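# Topology and contacts: notes
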Amino acid sequence: MMDTTLDLPVLPLAQPEPPTTPTNATHTVYVETYGCQMNVNDSEIVLGVLNTNGYAPVDSADDADVILLNTCAIRDNAERKIHERLKALDHLRNGKRQRVVGVLGCMAERLRSSMLDTGLVDIVVGPDEYRKVPELVEAALHGSHGIAVKLSRVETYDDIVPLRTEGIAAWVSIMRGCDKFCTFCVVPFTRGRERSRPLQSIVDECKGLWDSGFREVSLLGQNVNSYVDEASNYDFADLLEACARAVPQLRIRYTTSHPQDMSDKLIDTMAAYDNICKYIHLPVQSGSDRILQLMNRTYSVDHYMKRIERIREAMPLCALSTDIIAGFCTETEEDHQATLDVMRAVKYDGAYMFAYSPRENTKAWKMGDDVPDEVKQRRLQEIIALQNDVSRELNAAETGRLHSVLVEGPSKRNSAEWKGRTDTNKTVIWQHVADDGGVGDYVVGDVVQVRITRSTSATLFGSLEV
Ligand code: SAH
Ligand code: SF4
Ligand code: F3S
């Protein structure tokens, strides 16, 4: 998961219907999203709520009456970035045109009224209070600041239609919150208790997405393995199966799995359906049992490695990625080497790698932050360098393989080249416009066959096979 501003591509695609601008639109709204994929879907939910209340979405803060930052609190630098952005937006807020600036999301939930005290924002809304955004915005347009940060045990926004403006791949939140309480993590505090949407509503959403042109969905939760349909007791594997059967051509992904609860049933369900993508994000965090225990991750390295073995037995070509934290409290050189050993043993296709950032009010906050910054950074760099080598090696081994690739559209650098993703979540680039000027006979959203001819650590390149 990333904590960068998401660079949402604008694609020349035909299929998904464009967002509807209400004919009675009175104001414009711009939402900027930081943090994880759940925040991306939450921004779509907020836009859905605002759209039905007469607000039209726009693509830039300059054009908007209402500017909302959907924020992340996972690491200190994520929050610092938001503060800088708010300062940069202040000239708009204090300009001639009347505008409202608001913060949503995890940082809003964590910092609450102190966000208002910065003098840079008019409204503060936590992740479970998005139904109140229209009334808070309305009041702010009339000069009153507002805050709504109550967490809920039941809110899932199940009845709200997210306003999706992007691509052919949709994010679908299947649950909210987290009950795992890893000692380093703010999410249980910013997102509250775990709660799941009913299975049938998720299946119906997948069907609706297919009918309106989407070709891939990612089912989202902080720990999808805890998903449960309360009424029927269906678990996450049941949900995956139900979605895979209901829309057999829809590509289905999910994130994130917790290694403790990655069940055989889930692995076997993935293996049984061609439209469930063979890609698993299984964050290990550390390769040292002592550190895993301090993190309250509730599994050992041995358990984790046995899960990896089980996955590979069932799905030999399944891609794997992970999250790793460098320099957690008391981490020794030996612990760090153990993390590198796990990386060498698993050979992840990709990894999100972070220096430990202590977060107030978490258990780990009280354990101190005793690994000096330069040591953390050095260890992080070693982790990144190793991952780059592994990614390069694994991608090189792709040469000659044939992949089914979901067409996403022109690559950023060169419009004669198009890109898409393999079932294993790797980006592939191929020549779309031939030397004689002819173009490929497919559109965004089709699946094409691409033979891999070369690669870098980040990207595969190939040629189309007809
Ligand atoms: N629910 C997911 C993780 C969500 S947060 C899971 O359990 O796997 C995404 C990643 O951010 C985490 O996996 C972790 O690697 C990282 N992270 C979370 N808190 C952090 C902190 N305080 N410092 C550094 N990295 C952190
Ligand atoms: Fe945070 Fe752990 Fe929950 Fe993931 S499982 S969101 S790391 S508390
Ligand atoms: Fe960040 Fe909140 Fe997601 S803290 S990673 S936006 S759940």
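For clarity, every value in this text was computed on a predicted model and none was experimentally measured.

### Some remarks on the overall build of the protein chain
- Looking only at helices and strands, one finds 14 helices and 21 strands in the protein chain.
- At 22 Å, the protein chain has a C-alpha radius of gyration in line with the 23 Å of a compact globule built from 466 residues.
- Referenced to the eigenvectors of the C-alpha coordinate spread, the extents of the protein chain come out at roughly 60 × 60 × 45 Å.
- Buried residues in the protein chain amount to 57% of all 466 residues.
- When contacts within the protein chain are restricted to residue pairs at least 6 apart in sequence, those whose partners lie at least 24 apart make up 73%.
- Counting only carbon and sulfur atoms, one obtains 50% of the accessible surface of the protein chain, whose full area is about 19,800 Å².
- Here the protein chain holds 52 positive side-chain charges and 68 negative ones, and the gap between their average locations is 2 Å.

### A word on the domain arrangement of the protein chain
- Looking at the assigned domains, one finds that the protein chain contains domain 1 (27-148), domain 2 (169-396) and domain 3 (402-464).
- Between the C-alpha centres of domain 1 and domain 2 the distance comes to 28 Å.
- Surface buried jointly by domain 1 and domain 2 totals about 1,700 Å² across both partners, of which 52% is contributed by carbon and sulfur atoms.
- Of all residues in domain 1, Gln 37, Met 38 and Arg 75 bury the most surface against domain 2, accounting for 35% of the area lost on that side.
- The partner of Arg 191 in a salt bridge is Asp 42, and the shortest N-O contact between them spans 3.0 Å.
- Listed by contribution, the elements that provide at least two residues to the side of domain 1 that touches domain 2 are α1 (37-52), α2 (76-93) and α3 (105-111).
- Among the elements that line the side of domain 1 that touches domain 2, the one with the most residues is α1, at seven residues.
- When grouped by side-chain class, the residues that make up the side of domain 1 that touches domain 2 number eight nonpolar, three polar and eight charged.

### Considering the side chain of Thr 424
- The topology assignment puts Thr 424 in the loop between β18 (417-422) and β19 (427-431).
- Engagement of the side chain of Thr 424 in a polar contact is seen with the side chain of Thr 422, the distance being 2.7 Å.

### Concerning the side chain of Thr 156
- Mapping Thr 156 onto the fold places it in the loop between β6 (146-148) and β7 (169-173).
- Each residue touching Thr 156, except ones within four places of it in the same chain, is listed here: Arg 176, Arg 195, Ser 196 and Arg 197.

### Focus on the nonpolar core
- Ranked by internal contacts, the top residues of the largest apolar core, which has 57 residues, are Leu 219, Phe 236, Tyr 254 and Ile 280.
- Of all the elements, helix α8 (residues 236-246) adds the most residues to this core, at six residues.
- Within the second largest apolar cluster, 26 residues are counted, among which are Ile 82, Val 101, Leu 116 and Val 124.

### Considerations on the packing of helix α9 (residues 264-272) against helix α11 (residues 301-314)
- Running from amino to carboxyl end, α9 crosses α11 at an angle of 25 degrees, the nearest separation of the two axes being 9 Å. With respect to α11, the axis of α9 lies roughly parallel. For α9 against α11, the interelement crossing comes out right-handed. Here Asp 264, Ile 267, Asp 268 and Ala 271 of α9 come into contact with α11, specifically with Arg 307, Arg 310, Ile 311 and Ala 314.
- The residue inventory of the contact of α9 with α11, partitioned by class, reads four nonpolar, no polar and four charged.

### Observations concerning the confidence of the model for the protein chain
- Summarising the model, the protein chain shows a mean pLDDT of 93, and 95% of its residues fall at 70 or more.
- Segment residues 1-18 is flagged for pLDDT under 50; beyond a separation of four residues in sequence, or across chains, it makes 50 contacts in the model.

### Re the pattern of salt bridges
- In this structure the tally under the stated criterion is 47 salt bridges.
- Arg 344 is the partner of Asp 341 in a salt bridge, and the nearest nitrogen-oxygen pair spans 2.9 Å. Linking Asp 341 with Arg 344, this pair stays in helix α12 (residues 333-346), spanning three residues, or about one helical turn.
- When the shortest N-O distance is used, the salt bridge between Asp 369 and Lys 376 registers 2.9 Å.
- Take Asp 369: its relative accessible area is 38%, and that puts it in the partly exposed class.
- For Lys 376, a relative accessible area of 3% translates into the label buried.
- Three or more residues joined by partner-sharing salt bridges are found here, namely Glu 216, Arg 251, Arg 253, Glu 408, Lys 419 and Arg 421.

Parameters at a glance
Residues numbered from 1 in each chain as written. Chains lettered and ligands numbered in written order. Predicted model: local features only at pLDDT ≥ 70, side-chain atom pairs only at ≥ 80, totals over all residues. Heavy atoms only, no water. Helix = DSSP H or I, 4+ residues; strand = E, 2+ residues; numbered from the N terminus. Rg over C-alpha atoms; globule rule 2.2 N^0.38 Å. Buried < 20%, exposed > 50% of the residue type's maximum accessible area, 1.4 Å probe, protein only. Contact = heavy atoms within 4.5 Å. Areas by Shrake-Rupley, 256 points an atom, 1.4 Å probe, with all protein chains shown as cover. Lys, Arg positive; Asp, Glu negative; His and termini not counted. Charge placed at Lys NZ, Arg CZ, Asp CG, Glu CD. Domains from an automatic or database assignment. Buried area = accessible area lost by both parts, 1.4 Å probe. Salt bridge = Lys/Arg side-chain N within 4 Å of Asp/Glu carboxyl O. Nonpolar A, V, L, I, M, F, W, Y, C, P; charged D, E, K, R; others polar. Polar contact = N/O pair within 3.5 Å; in protein donor to acceptor, adjacent residues only side chain to side chain. Core = buried A, V, L, I, M, F, W, Y, C linked by side-chain atoms within 4.5 Å. Axes fitted to C-alpha atoms, helices over the stretch in contact; angles between N-to-C directions. Parallel < 35°, antiparallel > 145°, perpendicular 65-115°, else oblique. Left-handed = near helix turned anticlockwise from the far one by under 90°. pLDDT = per-residue confidence, 0-100.

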